[in-house]
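What the coordinates show
Read off the chains here:
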Amino acid sequence: QVQLVESGGGLAQPGGSLRVSCAASGSIVSVNAMSWYRQAPGKERELIADSTRYGAVQYADSVKGRFTLSRDNAKKMIDLQMNNLQPEDTAVYYCRANIWVVGGSADDYWGQGTQVIVSS
């Protein structure tokens, strides 16, 4: 069984910073892509940062230059450092990972989501 557990998030003022983390655990052979999504109220879930196991990272235009994804393959973790936060960054942030499990195949898994609120 595989779990993705997110932590961090919370409340920040405009221009402030927050960090969210995601850790994978369970019977894992390897973790392939690990990504961050977010879903704002009344909007569709959107991909904001995507990483490969080889270190390549891509960002959505909406967060480029403000958010930084870092990845630790040994710990099966990704972090998202969010700087210069704006009210439009308010959303539930989700981690998604493509994981090869012991005795199985590679499937996509989602974390439970963590709330980020940006407000003065």
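Structure first, text after, so check above.
Here is what the cut-offs are and how they apply
Residues numbered from 1 in each chain as written. Predicted model: local features only at pLDDT ≥ 70, side-chain atom pairs only at ≥ 80, totals over all residues. Heavy atoms only, no water. Pairing = 2+ DSSP bridges. Helix = DSSP H or I, 4+ residues; strand = E, 2+ residues; numbered from the N terminus. Salt bridge = Lys/Arg side-chain N within 4 Å of Asp/Glu carboxyl O.

Now for the pairing of strand 9 (residues 91-101). On a regular strand, each side chain points to the face opposite its neighbour's, so the side chains alternate between the two faces of the sheet. In this structure, strand 4 (residues 28-39) lies alongside strand 9, joined through nine bridges in antiparallel fashion. Bridging from a neighbouring strand, serine 30 pairs with tryptophan 100 of strand 9. Pairing of strand 9 with strand 11 (residues 114-118), which is carried by three bridges, proceeds in the antiparallel orientation. In the sheet register, valine 92 faces strand 11, and the bridge partner there is glutamine 115.

By the definition in use, this model includes six salt bridges. One salt bridge connects arginine 38 with aspartate 89, and the closest N-O pair in it is separated by 2.9 Å. On the criterion of sequence distance, the pair formed by arginine 38 in strand 4 and aspartate 89 in the loop between strand 8 (77-82) and strand 9 is long-range, its members being 51 residues apart. Here lysine 64 and aspartate 61 are joined by a salt bridge, their closest N and O atoms 3.2 Å apart. One salt-bridge network, in which partners are shared between bridges, spans Arg38, Glu46, Arg66 and Asp89.

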